[in-house]
Amino acid sequence: MQDGLEPYTLSLSDLSPDQWLEEMQEIGESCGFFEPLGNRHNAAFVEKGDTLLVSFESLPAIQALSEAARPVGFDLARANDWSCLTVISNRDTWFRDGEVYGFFDQMTDDGFFDDFDQVIFFGAGPCGYAACAYSVAAPGSTVVALEPQATLDARITEWDDRFTHMRRTDFSDRYGYAPDMLEAAKAAYVIYDPSDRLGAMHAALFQRSGVTRFRARHLGGGMQAHLTQMDVLEPLMTEAASGTLDSFQFARHYRKRREHALYCKKLFSVLEEQERPVLAEAVCAYIVNGFGAPRYRRKLKAMRQARTGEVDTD
């Protein structure tokens with residue numbers, strides 16, 4: 001580990017996967033612990049405050065989404081002076097592995113989670129599934145899951161054809177069906193994109209007591225990155241931890257999508273596909289005025305010419 005730096009501020013960029021894990025091992029051994037969980041998973045714990053953030057993440061996503069190649073859990077924990085347990089997969093595994101089961105069993109048996117005033121589980125997509133599923137190991141915890149899957153058990157979600165390579169993975173045994181695993185949670189927040197049909201169908205399976213679902217239209221497929229770029233992921237996590245996150249607060253934060261160029265461009269594409277030229281032109285003008293975007297300036301000019309019947313003589 002680099003001397004003189006806090007673990008949450010270290011840069012882990014430009015490292016191979018093996019080198020990255022070696023650095024994480026040094027961080028864990030210096031500030032808490034590091035434990036390999038079989039061939040596909042690792043766990044790193046950094047001890048800081050009396051609140052513990054349990055973050056599920058994949059190494060490829062960490063290296064792709066963070067300029068410093070740091071787990072998002074580190075950034076969220078640093079902002080709130082939390083301790084952080086990061087469970088890392090070498091690819092999208094949904095953390096369906098006996099070594100991971102055993103690790104959380106041991107953490108429960110040892111009373112590890114009882115040492116903290118509060119425990120928060122976090123993840124997105126396959127990692128969101130894991131955050132929900134493993135939260136049962138810490139009854140009374142808070143869970144924040146971005147576009148999670150409920151299960152990939154084909155007997156329940158045969159309509160989801162995105163992850164057919166996982167069909168032989170057992171989702172029916174321990175820590176299996178994520179919505180059921182939330183029964184012991186103090187509160188759970190599921191954020192999903194209603195315009196993503198399959199994602200919304202998974203979110204519907206989480207409809208039960210204690211679970212609050214928030215709609216984030218047009219942010220599916222990379223929601224964690226979008227919310228981070230909008231500077232709203234951190235306050236959402238802080239409010240979830242304090243118990244103040246509700247529909248009003250979520251809507252207040254989600255207004256920042258109007259300042260997020262990628263959201264606006266996605267909205268424009270949707271309106272074009274729906275053949276709604278008036279709204280598409282309005283959004284295109286908003287993009288041009290707010291973000292420049294020469295390509296959209298050309299689109300806006302063409303749309304206005306088509307509407308007025310004018311011919312470009314330039």
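Criteria and thresholds
- Residues numbered from 1 in each chain as written.
- Predicted model: local features only at pLDDT ≥ 70, side-chain atom pairs only at ≥ 80, totals over all residues.
- Heavy atoms only, no water.
- Axes fitted to C-alpha atoms, helices over the stretch in contact; angles between N-to-C directions.
- Helix = DSSP H or I, 4+ residues; strand = E, 2+ residues; numbered from the N terminus.
- Parallel < 35°, antiparallel > 145°, perpendicular 65-115°, else oblique.
- Contact = heavy atoms within 4.5 Å.
- Nonpolar A, V, L, I, M, F, W, Y, C, P; charged D, E, K, R; others polar.
- Buried < 20%, exposed > 50% of the residue type's maximum accessible area, 1.4 Å probe, protein only.
- Phe/Tyr/Trp six-rings, centres within 6.5 Å; stacked < 30°, edge-to-face > 60°.
- Lys NZ or Arg CZ within 6 Å of the ring centre and 35° of its normal.
- 1 Å grid on protein atoms, 1.4 Å probe; cavity = no way out; pocket = protein on both sides within 12 Å on 5 of 7 lines; lining within 4 Å.
- Points joined across faces, edges and corners; volume = space filled by probe spheres on them.
- Left-handed = near helix turned anticlockwise from the far one by under 90°.
- Patch = residues over 30% accessible without salt bridge, like charges linked within 9 Å, V, L, I, M, F, W, Y side chains within 5 Å.
- Areas by Shrake-Rupley, 256 points an atom, 1.4 Å probe, with all protein chains shown as cover.
- Salt bridge = Lys/Arg side-chain N within 4 Å of Asp/Glu carboxyl O.
- Lys, Arg positive; Asp, Glu negative; His and termini not counted.
- Charge placed at Lys NZ, Arg CZ, Asp CG, Glu CD.
- Core = buried A, V, L, I, M, F, W, Y, C linked by side-chain atoms within 4.5 Å.
- Pairing = 2+ DSSP bridges.
- Disulfide = S-S within 2.5 Å.

1. Some thoughts on the packing of helix 10 (residues 233–242) against helix 11 (residues 247–254)
Link 1 in the chain: It is at 10 Å that the axes of helix 10 and helix 11 come closest, and there the two elements cross at 170°. On the basis of their axis angle, the class for helix 10 and helix 11 is roughly antiparallel. Packed against helix 10, whose contacting residues are Pro235, Leu236 and Glu239, the element helix 11 presents Gln249, Phe250, Arg252 and His253 at the interface.
Link 2 in the chain: Classifying every residue of the contact of helix 10 with helix 11 by side-chain character gives three nonpolar, two polar and two charged.

2. A look at the environment of Ile287
Link 1 in the chain: Among the secondary structure elements, Ile287 is positioned in helix 13 (residues 277–291).
Link 2 in the chain: Assessed through its relative accessible area of 0%, Ile287 is described here as buried.
Link 3 in the chain: In this structure, the C-alpha to C-alpha distance between Ile287 and Phe268, residues 19 residues apart in sequence, is 8.9 Å.

3. Considerations on the packing of aromatic side chains
Link 1 in the chain: Summed over the entire model, instances satisfying the criterion amount to 26 aromatic pairs.
Link 2 in the chain: The side chain of Arg96 reaches across the aromatic face of Phe171, ending 5.4 Å from its centre.
Link 3 in the chain: The ring centre of Tyr296 lies 5.1 Å from the NZ or CZ of Arg295, which sits over that ring.

4. Re empty space enclosed by the protein
Link 1 in the chain: Evaluated as defined, the whole model comprises one cavity of 30 Å³ or more.
Link 2 in the chain: Around the largest cavity sit Leu152, Thr157, Asp160, Phe163 and Arg167, which together line it.
Link 3 in the chain: When the residues that make up the lining of the largest cavity are grouped by side-chain class, the tally is two nonpolar, one polar and two charged.

5. Examining the side chain of His253
Link 1 in the chain: Tracing the chain through its elements places His253 in helix 11.
Link 2 in the chain: His253 gets classed as buried once you look at its relative accessible area, which sits at 9%.
Link 3 in the chain: Excluding residues that lie within four positions of it along the chain, His253 makes contacts with Val232, Pro235, Leu236 and Glu239.

6. Concerning the packing of helix 3 (residues 72–80) against helix 10
Link 1 in the chain: For the pair helix 3 and helix 10, the least separation of the axes is 10 Å and the interaxial angle reads 60°. Here the hand of the crossing between helix 3 and helix 10 comes out right-handed. Within the contact between the two elements, helix 3 uses Val72, Leu76, Ala79 and Asn80 and helix 10 uses Leu233, Glu234, Met237 and Thr238.
Link 2 in the chain: Grouping the amino acids of the contact of helix 3 with helix 10 by side-chain chemistry returns five nonpolar, two polar and one charged.

7. Topic: a negative patch on the surface
Link 1 in the chain: A contiguous patch of negative charge on the surface is contributed by Asp18, Glu22, Glu26 and Glu29.
Link 2 in the chain: As for its position among the elements, Glu22 is in helix 1 (residues 17–31).

8. Considerations on the nonpolar core
A general feature of soluble globular proteins is that nonpolar side chains tend to end up buried together.
Link 1 in the chain: Ranked by internal contacts, the top residues of the largest apolar core, which has 58 residues, are Met24, Phe122, Leu146 and Leu227.
Link 2 in the chain: Top contributing element to this core by residue count: helix 13, with six residues.
Link 3 in the chain: Those residues in contact with Leu227 that lie beyond four places of it in its chain are Leu146, Leu219, Val232, Leu233 and Leu236.
Link 4 in the chain: Judged by nonpolar contacts, the second largest core, of 49 residues, contains Leu52, Phe112, Val143 and Leu182.

9. A short note on the pairing of strand 2 (residues 41–46)
Link 1 in the chain: Along strand 2, six of the six residues are buried, which leaves the element largely enclosed by surrounding structure.
Link 2 in the chain: The two faces of strand 2 match: His41, Ala43 and Phe45 on one face and Asn42, Ala44 and Val46 on the other face are all buried.
Link 3 in the chain: Summarising the sheet, strand 1 (residues 32–37) and strand 2 pair through six bridges and their orientation is antiparallel. Note that in strand 2 the partner of Phe34 across the bridge is Ala44.
Link 4 in the chain: From the end of strand 1 to the start of strand 2, which pair antiparallel, there are three residues, and Gly38 there has a positive phi angle of about 75°.

10. Focus: the sheet that holds strand 7 (residues 187–192)
Link 1 in the chain: If you trace the eight strands from one edge of the open sheet to the other, you get 1-2-4-3-5-6-7-8, paired in mixed fashion. The open sheet is flanked by strand 1 and strand 8 (211–215), the only strands paired with a single partner. In this sheet, adjacent strand axes meet at a mean angle of 15° when their direction is disregarded.
Link 2 in the chain: As defined by bridge partners, strand 7 adjoins strand 8 across five bridges and the pair is classed as parallel. Looking at the pairing, Ala188 lines up with Val211 of strand 8.
Link 3 in the chain: Its contacts with the sheet place helix 4 (residues 98–109) against strand 1, strand 2, strand 3 (51–58), strand 4 (83–89) and strand 5 (118–124), and it is angled at close to 145° to strand 1.
Link 4 in the chain: Against the sheet, helix 5 (residues 126–134) contacts strand 3, strand 5 and strand 6 (142–146), and its axis sits at roughly 150° relative to strand 5.

11. Observations concerning the state of the cysteines
Link 1 in the chain: For the structure on display, the rule yields zero disulfides.
Link 2 in the chain: Between Cys132, a cysteine without a disulfide, and Cys127, which holds the nearest cysteine sulfur, the sulfur-to-sulfur distance is 11 Å.

12. Topic: the layout of surface pockets
Link 1 in the chain: In this structure, the largest pocket occupies an estimated 860 Å³ of space.
Link 2 in the chain: Counting residues per element, the lining of the largest pocket draws most heavily on helix 9 (residues 223–229), which supplies five residues.
Link 3 in the chain: Counted by class, the lining of the largest pocket contains 17 nonpolar, 11 polar and 11 charged residues.
Link 4 in the chain: Taken as a whole, the second largest pocket holds about 200 Å³ of empty space.
Link 5 in the chain: Looking at the second largest pocket, it is lined by 17 residues, and the ones nearest its centre are Phe113, Asp114, Val119, Ala138 and Pro139.
Link 6 in the chain: Elements supplying a minimum of two residues to the lining of the second largest pocket: helix 4 and strand 5.
Link 7 in the chain: Taken together, the residues of the lining of the second largest pocket break down into eight nonpolar, six polar and three charged.

What is shown is where atoms sit, not what they do.
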